[in-house]
Amino acid sequence: MDEDMLADQRRLVELVEEEGWDVTDLEISAYDSPWADEDDPEATVTITARKPYEGDRNDGEDDGGDNESPYRLK
């Protein structure tokens, strides 16, 4: 894998973390583009990150919705 690609990946992670995100998964794929006539490789970086937000999600008021939804956080 090209050192420039890895350096770019590290920089992207740094930028995400500087914004308060916690990187939980990281993947880089290097390949030769099937769409370009050039011989230069390309890379795709996938970053999965999480960031908790402060505040009440449910302040006890009825929002008129179905509060029994299995997808609602309690």
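This section reports on the structure supplied with the text. The model shown is predicted, which means the values in this text are computed figures rather than measured ones.

### Topic: the overall build of the chain
Phase 1: Across its full length, the chain carries one helix and two strands.
Phase 2: A burial count over the chain gives 8% of its 74 residues as buried.
Phase 3: Of the accessible surface of the chain, which amounts to about 6600 Å², a share of 44% is contributed by carbon and sulfur atoms.

### Concerning the pattern of salt bridges
Phase 1: In total, this model carries two salt bridges according to the counting rule given.
Phase 2: Note that Glu-18 and Arg-11 form a salt bridge whose closest N and O atoms lie 3.7 Å from each other.
Phase 3: Bridged by salt links that share partners, the residues Arg-11, Glu-14 and Glu-18 form one connected network.

### Comments concerning the side chain of Gln-9
Phase 1: Examined against the element boundaries, Gln-9 turns out to sit in helix H1 (residues 3-18).
Phase 2: Those residues within four positions of Gln-9 in sequence are excluded, and the remaining contacts are Leu-26, Glu-27, Ile-28 and Val-45.

Conventions used here
- Residues numbered from 1 in each chain as written.
- Predicted model: local features only at pLDDT ≥ 70, side-chain atom pairs only at ≥ 80, totals over all residues.
- Heavy atoms only, no water.
- Helix = DSSP H or I, 4+ residues; strand = E, 2+ residues; numbered from the N terminus.
- Buried < 20%, exposed > 50% of the residue type's maximum accessible area, 1.4 Å probe, protein only.
- Areas by Shrake-Rupley, 256 points an atom, 1.4 Å probe, with all protein chains shown as cover.
- Salt bridge = Lys/Arg side-chain N within 4 Å of Asp/Glu carboxyl O.
- Contact = heavy atoms within 4.5 Å.

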